[in-house]
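Residues per chain are reported as follows:
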Amino acid sequence: MALYVWQMCLWKVVIIFTLTEAVSLHLDQPKVLLVSFDGFRWDYIHRVPTPHFKYIMENGIHVNQVTNIFITKTYPNHYTLVTGLYAENHGIVANEMYDQNLNKTFSLDGMDIFDPVWWDEADPLWVTNQIQGHKTGAVMWPGTDVQIHGLYPTHYMIYNISVPFEDRLAQLIDWFRGKEPVNFGLLYWEEPDRSGHDLGPENPLMDKVIADIDLKLGYLVEQLQKAGLWDTINLIVTSDHGMAQCSINRIIELDLYVDRELYTWIDFTPVSAILPKKGKYDEVYNALVNAHPNMTVYKKEDIPDRFHYKHNVRIQPIIAVADEGWTINQNKTAGKFTLGNHGYDNTIKSMHPIFIAHGPAFKKNFTKENMAIVDLYPLLCHILGIDPMPNNGTLKNVQELLVAEKVIITENLHVEIVSQDEINSRGSYAWLGILLGSVLVTGFLLAFVQQVTKSQMSGLNIHRGEMAQPLLST
Ligand SMILES: [Zn+2]
């Protein structure tokens, strides 16, 4: 009888421990906060003192050159950050689009960006995160206020440019600390993109804008510390693109070369997406192909493979790509001109974004020279413990950013790969788990041997209690 009672107690202990540990693991689930400062060029941190960026670099990681995707525009790159897909694969191929199959237009100036049909070609990480049982909090990240595959983020803020950075952050922190906390947060801020467009990146007035972003980053770190999240959260600060200096003296006027009645101008500058009117394809292409030395014109099928920008109906039959710092307009008064712009070839350095990170998953004071932005998605999935959707990234390319990993046996006797920091933070529970797990196995063994022994000795009619001591002593 004593063995039976002992086994029942053991079961209760194991069940209680497992439930407790399950709750504990839920609370300790890896956390990621992904922050985008729109248009923060990779080298902005070097032109004015940016002590808060430096603090994260010294205590975390920094990637010097991040190759984003073509075209280097806001919506395509923000969707790549959370899908790991090139534009031709995720379907957000520009900020201004036309889909001839749908006969629909996507424009940042219109409400059509909320139509899920534009976004449903991919599964953004917040959707996958939620399908796999977690919760997401999103603050104004492009696409997070759209119902994609039938889902919104668990918590999100409708896009409203007038909401201050501090309020956006406070909301996110609340979600990370809620009763059912999010494991994945996304935070978007419009600067320094807006000032970069208006002033041009070479304008000395940009120094103040960059210094202000640094202060905002410092505020973010301080608030995470106050909230008790700083030691456990994996913070990634990046952007969608950089910014190039433009000039009123570098404008390419399409009207000089081709009649605007022959085509529809779907997207504008510095990558013009051109849809020729019926029967006018050759005429338009021939008029533009050698029109200007600073504009390269491609038939869709001839777009270089390295752009990964061909296989989607939303990419127009002809695209014209301006050289760095050049603007394509129909004439000097038709179309937009800004002193700073982006969208150019993604191998141009001025198009590259900042990339720094800090947290238990990341090494300290580690610099990596290059990475492709499509590799961020598998990295995010790895840190969060999410099974990734098919993507164009490769975890192996960026794994060196992470602290060394070791294989340990968890409390449930499953083999799990965790980081050294995680081992440090979970260590006592893990070893307690191993101990209790071992006791559990021993319990099973005891019960099994007892059953076998009992069946073999059934004819002897020995009381269960009498078998207990000899078996326990073995
Ligand atoms: Zn942008």
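Before reading further, recall that the structure is shown in the block above.
Right, let's walk through the structure included here.

What counts, and where the lines are drawn
- Residues numbered from 1 in each chain as written.
- Predicted model: local features only at pLDDT ≥ 70, side-chain atom pairs only at ≥ 80, totals over all residues.
- Helix = DSSP H or I, 4+ residues; strand = E, 2+ residues; numbered from the N terminus.
- Buried ≥ 20, exposed ≤ 12 C-beta atoms within 10 Å, placed from the backbone.
- Contact = placed C-beta atoms within 7 Å.
- Axes fitted to C-alpha atoms, helices over the stretch in contact; angles between N-to-C directions.
- Parallel < 35°, antiparallel > 145°, perpendicular 65-115°, else oblique.
- Left-handed = near helix turned anticlockwise from the far one by under 90°.
- Nonpolar A, V, L, I, M, F, W, Y, C, P; charged D, E, K, R; others polar.
- Expected span 1.5 Å × (residues − 1).
- Pairing = 2+ DSSP bridges.

Here we look at the overall build of the chain
Of the regular secondary structure elements, the chain holds 12 helices and 20 strands. Counting over 474 residues, the chain shows a buried share of 42%. For the chain, the proportion of contacts with a sequence separation of at least 24, taken over those separated by at least 6, is 72%.

A look at the packing of helix H6 (residues 165-176) against helix H8 (residues 206-226)
Their axes nearest at 11 Å, the elements H6 and H8 cross at an angle of 25°. Considering their axes alone, H6 and H8 lie roughly parallel with respect to each other. Seen from above, H6 lies across H8 with right-handed handedness. Contact residues: Phe165, Glu166, Leu169 and Ile173 in H6; Lys216, Tyr219, Leu220 and Gln223 in H8. Tallied by class, residues from the contact of H6 with H8 come to 5 nonpolar, 1 polar and 2 charged.

Describing H6
The first and last C-alpha atoms of H6 sit 17 Å apart over 12 residues, in line with the 16 Å expected at 1.5 Å per residue. In this structure, the buried side of H6 is in contact with strand E1 (31-37), strand E5 (136-139), strand E6 (155-157), strand E7 (184-189) and H8.

Overview of the sheet that holds strand E8 (residues 233-238)
For sheets, the rule is that strands pair by backbone hydrogen bonds, running either parallel or antiparallel. Here we have 8 strands laid out as an open sheet, ordered E6-E5-E7-E1-E8-E17-E2-E18, and mixed in their pairing. Strands at the two margins of the open sheet, each flanked by one partner only, are E6 and strand E18 (366-372). In this sheet, neighbouring strand axes are inclined to one another by 15° on average, regardless of whether the strands run parallel or antiparallel. One ladder, built from 6 bridges, connects E1 with E8; its direction is parallel. Note that in E8 the partner of valine 32 across the bridge is asparagine 234.

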